[in-house]
Amino acid sequence: RLYSVLPTFQALAREVVGGLGGHLLNALGHRLVIVFGYPVVYEDGARRAVSAGLELIRRVAELDDGDGRLAVRIGLHTGPALSLPTHDGSELVLGPTLDLATRIGHHAEVDEVVLSAITRRLLGDDALTERVGSLSGSLAGTGDGLEVFRLDRLREATGFVAAPTGSPLLGR
């Protein structure tokens, strides 16, 4: 069943993500690599990514054909990545941000969006979250470890939201 719905799932993801300014970079079977801030950078990229995740969960639920639903688990992390063109004209995106998003996704249950503390901070008070764990420093590639939060709800945006105090524009 999974393989019969993969093309539909991937097309749905492209539609949802593309509608919010994101880019489906790679589809490795049922695992998708989606980036925001590439090729166009948005100040509210974290909100766009979370909104895409929530919309994807909602829309995938509609794909139920009576044989059961697809299980969607979404992990989000914000950070730098390196984009390189490949010989076939596609793009290869590398870096710890992608690895961390994958590891964060392991904390998600079915139909959950989980996010790093960095992404949570960029969402400010609009994100209602609960801490679900952390990545060890050795896995996270940092000395401190990285806290992981389940998104319970994303409040509606009320227009322009300034970055949280002390949040630099560069390096986010």
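Scroll up to find the structure.
Residues numbered from 1 in each chain as written. Predicted model: local features only at pLDDT ≥ 70, side-chain atom pairs only at ≥ 80, totals over all residues. Heavy atoms only, no water.

**With respect to the pairing of strand 6 (residues 112–116)**
At step 1: Most of strand 6 sits inside the fold, with five of its five residues counted as buried.
At step 2: Across four bridges, strand 3 (residues 73–76) lies against strand 6 in parallel orientation. Directly across from Gly75, in strand 6, lies its bridge partner Val114. (Buried < 20%, exposed > 50% of the residue type's maximum accessible area, 1.4 Å probe, protein only. Helix = DSSP H or I, 4+ residues; strand = E, 2+ residues; numbered from the N terminus. Pairing = 2+ DSSP bridges.)

**Remarks on the environment of Ala52**
At step 1: Relative to the helices and strands, Ala52 resides in helix 2 (residues 45–61).
At step 2: The sequence separation of Ala52 and Ile34 amounts to 18 residues, and the corresponding C-alpha distance is 9.9 Å.
At step 3: Once you skip the residues sitting within four places of it in the chain, Ala52 turns out to touch Val16, Val17, Leu20 and Phe36. (Contact = heavy atoms within 4.5 Å.)

**Side note on the side chain of Thr78**
At step 1: Relative to the helices and strands, Thr78 is located in the loop between strand 3 and strand 4 (82–85).
At step 2: Engagement of the side chain of Thr78 in a polar contact is seen with the side chain of Thr119, the distance being 2.6 Å. (Polar contact = N/O pair within 3.5 Å; in protein donor to acceptor, adjacent residues only side chain to side chain.)

**Considerations on the packing of aromatic side chains**
At step 1: Scanning all chains against the criterion turns up zero aromatic pairs.
At step 2: The lysine or arginine in question, Arg48, covers the ring of Tyr42, its NZ or CZ lying 3.6 Å from the ring centre.
At step 3: Against the face of Phe149 rests Arg120, its NZ or CZ located 4.2 Å from the ring centre. (Phe/Tyr/Trp six-rings, centres within 6.5 Å; stacked < 30°, edge-to-face > 60°. Lys NZ or Arg CZ within 6 Å of the ring centre and 35° of its normal.)

**Digging into the sheet that holds strand 8 (residues 146–154)**
At step 1: In space, the four strands of this open sheet follow the order 3-6-8-7, with mixed pairing throughout. One side of each edge strand has no neighbouring strand; the edge strands of this open sheet are strand 3 and strand 7 (127–135). Going across the sheet, the axis of each strand differs from the next one's by a mean of 30°, ignoring polarity.
At step 2: With eight bridges connecting them, strand 7 and strand 8 associate as antiparallel partners. (Axes fitted to C-alpha atoms, helices over the stretch in contact; angles between N-to-C directions.)

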